[in-house]
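# Residue-level structure breakdown
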Amino acid sequence: MTILADIALPLPLPDPLTYEVPDAWVPLAKEGVRARVLIGRRRLTGLIVRVHEDRPEGVSLRPLLEILDREPVVPADLLELARFTADYYMAPLGEVVRSMLPSDLPPWGDRKVWLTDAGALSLPRGPSEAAVIDALREGGRMTVAELQSRVGVLPDLDADLDAIIAALAEGGRVHSEEHRARSARYVNAVELAPGEVSAHLAKAGRSAAGKAVIEYLAAIGRPATTAEVTAAAECTPAVVRRLVSLGVLRQFTQVERLSLDRHMMGARAELPEIRLRPDQEHALGRLTGVLDARAFAPLLLQGMTGSGKTEVYLRAAEEALARGRSAILLVPEIALVPALARAVEQRFGDDLAILHSGLGVGERHQEWERVRRGEARVVLGPRSALFAPVADLGLIVVDEEQDTSYKQELSPRYNARDLALVRARDSNAAALLVSATPSLESRYNAERGKLELLRLTERAGQGSLPEGILVDLKEEGVSRRPGEVHFSERLRFEIRQTLADGDQVILLRNRRGYSPILLCRACGEDMRCEDCGLPRTYHRRDRRLVCHYCGSMLPAPKICPHCKEDALEAIGAGTERVEEDFKELFPGVTVDVLDRDTARRPGGPAAVLERFDRGEVQVLIGTQMVSKGHHFPNVALTAVLAADAYLSFPDFRAVERTYNLLVQVAGRAGRGEKPGRVVIQTYHPDHYAIQAALRGDDEGFAREELRFRRVFHYPPYTRMVQLLVRDKNRDRAQGLISELAADLAAHPFARAVRLSGPAPAPLERLRGEWRFQLLARSADGRGLHRMLEEVLPKNPSYDLVIDVDPQQLL
């Protein structure tokens, strides 16, 4: 019977494709390994998600080309999570799997081998060795994968190709050469083969050095590099090679250990002694009890900014490791990793692995491989770190759980916060959502008993909540122009006072660039992007006009390209202009900017934050990147220059985001011994979100916003799915979304669903495509999911975006 493999490919396909497994690759065919296949004339890499013998009738199947891994790169628990993700978010399984793995992960079989002269003349020691030598004689220099394809199933069924190659190399009969990726360095490593240690010791015979190697690997309980093993056992590499040839050890390659110091902020120092308050002790005790019970527990840790939430979950991670388990710590953005990474590294040392897209290729491979092999049991990173292949997961922490960055905006459109709960459930682990301003969904789930609420009610140490200062910009006598930023008299006074006291200041302007529009006052030309129909943002420092939606760029003109008049004016203000205005008002004061543009410069956000932390910079201006998770004891003043920026967004979550941002920015002040102040400038001083942030009335805000959500049937009282059709032809896009709306309205379950639209999306045209959307809401999430599965096309011939539980509707 022919063995078949279902392979999930990184393509928008509704189901995996089935391939035949050639006899040569049958020994390696298992779920969770990668395979190369042909799609038309394209060679693609996918993941085997099922091995079976259920050949479909009347269908001719292609054989797969090769299998890339000896062991699964996606373990069984993560493969189950991938299936859940694909089903719930209605995304192709292949795209889910692709998001779980580091890009360019090197294949097992890239190592090249060839016979030496001695090997070509030697007599083989057994039929399996004969098969390998014959293949090398015939094919010459080849990769291990090509050799596997030639020899297929070895005559000795329990023989291992790697062990045979190692034995031949030990006798000088073959040479081998590692494949070297340009950005990564690989070294030889070994681990004990499956079996009892006593059996391995017996195979080693009288070799004291061989027994020392076995005992060392058994003691550390993890793989080790050949250099580490030979140093620990005080033996030569030949001893290790002999044990590999005997089948006692398994040899593989791994990325050479690279230092990640450049991704951490601050120098190593002794950990300060921190005595937990009673509320922290209670929270930690509950988490410890969950770890002891080895049972799933979803918890919400809510505490004001600066209340010591990080200390609680880091101690919980220590408790997880003390019980032989692993922990994953998620933060919403890469910019938050450097400061936390140093604190975590000081506690956990080599047990820490960092995973995020800002690492180099070699660094990513190294950290991922260390996690997979059990060398690192604490993983820190943004949403993609959720898929780290840790063993025996005991704790997942989702810090700043309310942050919308946990939602991926490209396929697969998953929410890492929600999937963290699923992974913890399947691992009998604790899932700890952490926030000073929990999302309304999490608050609602805590009220219903789906999340256990743990509260921290005081600030850590001598810190106190900052004094709130409200500035009504209408009373400033300033003409209100779109996007304009103003330094009020009160704000200037507070800045002068703070700087005179030797303290630091953080200013928030949640818009990067110099100005959102470069306008010609003569003819009205506003330099719109041809593909998006929206004005390009003016970046004065780089003399560029940039579309922040599609990324297209133009040189900034000196005169209007349309009417040739010298009448160009920058309208509105981003972080660049705020910096310029600040320097005019406060000459000689050191200023730095933290936004997505500066984060791309050498050193990234860590360099900016470290300068500010050392006190080299007095004032930090930035976008929302400055508002989250940072601990700067010398910051005495924070200010929100334009608190209304989010309130006007055409999105039902706009008010919640405004409130969260205000509270988070306020929380950066007064974290040291001195009291802090926060200045909020607004044209809407009476808005309940601004008033609640100013008074610290968290429950009042939640009550008012939940009332609004309930009245208008928005989440968390309903489940929502956004359907978006994109097309270069406007009429076609509109017609397709209208057909979908009619099909959904005709479904029997439609009576329990609220359909909003179809209508143009708030950003109607992006990247040359017209966008029309339809929102479906229902209190019955499962029923809504079933209806969509039955109505939506499985493999649409047009561009259909399905966003389950969307976080933004632009």
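Structure: see above.
Keep in mind the model is a prediction, meaning the values are calculated, not measured. (Residues numbered from 1 in each chain as written. Predicted model: local features only at pLDDT ≥ 70, side-chain atom pairs only at ≥ 80, totals over all residues. Heavy atoms only, no water.)

## A word on the overall build of the chain
- Tallying secondary structure elements over the chain gives 25 helices and 33 strands in all.
- For the chain, the C-alpha radius of gyration of 30 Å lies close to 28 Å, the compact-globule estimate for 810 residues.
- Overall size of the chain, expressed as C-alpha extent along the three principal axes, is 95 × 65 × 60 Å.
- Split into buried and exposed, the 810 residues of the chain put 54% on the buried side.
- Sequence-distant contacts, at least 24 apart, represent 75% of the contacts inside the chain between residues at least 6 apart.
- Accessible area of the chain: about 35300 Å², with a carbon and sulfur share of 49%.
- The centroid of the 109 positive side-chain charges in the chain is displaced by 2 Å from the centroid of its 114 negative side-chain charges. (Helix = DSSP H or I, 4+ residues; strand = E, 2+ residues; numbered from the N terminus. Rg over C-alpha atoms; globule rule 2.2 N^0.38 Å. Buried < 20%, exposed > 50% of the residue type's maximum accessible area, 1.4 Å probe, protein only. Contact = heavy atoms within 4.5 Å. Areas by Shrake-Rupley, 256 points an atom, 1.4 Å probe, with all protein chains shown as cover. Lys, Arg positive; Asp, Glu negative; His and termini not counted. Charge placed at Lys NZ, Arg CZ, Asp CG, Glu CD.)

## Quick notes on the pattern of salt bridges
- Per the stated rule, a full pass over the model turns up 61 salt bridges.
- In this structure, K674 engages D503 in a salt bridge whose closest nitrogen and oxygen atoms are separated by 3.1 Å. Here K674, found in the loop between α21 (654-666) and β29 (677-682), pairs with D503, found in the loop between α17 (489-500) and β20 (504-508); they are 171 residues apart in sequence, far enough to count as distant.
- By relative accessible area, D503 is classed as buried at 10%.
- Close ionic contact of R614 with E610 constitutes a salt bridge, the shortest N to O distance being 3.7 Å. (Salt bridge = Lys/Arg side-chain N within 4 Å of Asp/Glu carboxyl O.)

## A look at the packing of aromatic side chains
- By the definition in use, this model includes 13 aromatic pairs.
- Over the ring of W114 we find R141; its NZ or CZ atom is 4.0 Å from the centre of that ring. (Phe/Tyr/Trp six-rings, centres within 6.5 Å; stacked < 30°, edge-to-face > 60°. Lys NZ or Arg CZ within 6 Å of the ring centre and 35° of its normal.)

## Things to note about the sheet that holds strand β33 (residues 799-804)
- Overall, antiparallel pairing links the four strands, which are arranged β31-β32-β30-β33 in an open sheet. Single-partner strands in this sheet number two, and they are β31 (754-766) and β33. Across the sheet, the axes of successive neighbouring strands diverge by a mean angle of 20 degrees, strand direction being ignored. (Pairing = 2+ DSSP bridges. Axes fitted to C-alpha atoms, helices over the stretch in contact; angles between N-to-C directions.)

## Digging into the sheet that holds β20
- Reading across from one edge, β19-β29-β28-β20-β27-β26 is the order of the six strands in this open sheet, with parallel pairing throughout. Where the open sheet ends on each side, the last strands, each with one partner, are β19 (467-472) and β26 (591-594). Taken pair by pair, the neighbouring strands of this sheet meet at an average axis angle of 15 degrees, ignoring direction.
- Of the pairings in the sheet, the one linking β20 to strand β28 (residues 635-640) comprises five bridges and is parallel in character. What sits directly across from Q504, in β28, is V635.
- Across the face of the sheet, helix α20 (residues 604-613) comes into contact with β20, β26, β27 (619-622) and β28 while running at roughly 145 degrees to β26.

## Comments concerning the environment of Y659
- You can see Y659 is positioned in helix α21.
- On the basis of relative accessible area, Y659 is assigned to the buried category, the value being 2%.
- Expressed as a C-alpha distance, the spacing of Y659 and A689, which sit 30 residues apart in the sequence, is 5.3 Å.
- The contacts of Y659, once residues within four sequence positions are left out, are T437, R443, A689, A692, A693, D697, D698 and F701.

## What about a positive patch on the surface?
- A contiguous patch of positive charge, built from R448, K450, R782 and R786, is present on the exposed surface.
- Relative to the helices and strands, K450 resides in the loop between α16 (440-447) and β18 (452-456).
- Given a relative accessible area of 49%, K450 falls into the partly exposed group. (Patch = residues over 30% accessible without salt bridge, like charges linked within 9 Å, V, L, I, M, F, W, Y side chains within 5 Å.)

## Examining the state of the cysteines
- Tallied over the entire structure, the rule returns zero disulfides.
- Free cysteine C520: the closest other cysteine sulfur is in C563, separated by 3.6 Å.
- For C520, a relative accessible area of 1% corresponds to the buried category. (Disulfide = S-S within 2.5 Å.)

## Comments concerning the side chain of D503
- Separated by 3.1 Å, the side chains of D503 and K674 make a polar contact.
- Not counting chain neighbours up to four residues away, the residues in contact with D503 comprise T498, N634, A636 and K674. (Polar contact = N/O pair within 3.5 Å; in protein donor to acceptor, adjacent residues only side chain to side chain.)

## Focus on helix α13 (residues 337-348)
- An ideal rise of 1.5 Å per residue puts 16 Å on 12 residues; α13 measures up with 15 Å between its terminal C-alpha atoms.
- Inspection of α13 places V337, P338, L340, A341, R342, V344, E345 and F348 among the buried residues, and these make up the whole buried set.
- On its buried side, α13 packs onto α12 (309-322), β13 (326-330), β14 (352-354), β15 (378-381) and α20. (Expected span 1.5 Å × (residues − 1).)

## Topic: unusual backbone geometry
- Put simply, S411 and P412 share a cis peptide bond, and its omega is 0 degrees.
- Here P412 lies in the loop between β16 (393-399) and α15 (416-427).
- For the peptide bond that leads from G757 to P758, omega is 10 degrees, which places it in the cis range.
- Residue placement: P758 occurs in strand β31.
- If you check the backbone angles, N428 has positive phi at about 50 degrees while not being a glycine.
- Topologically, N428 is positioned in the loop between α15 and β17 (430-435).

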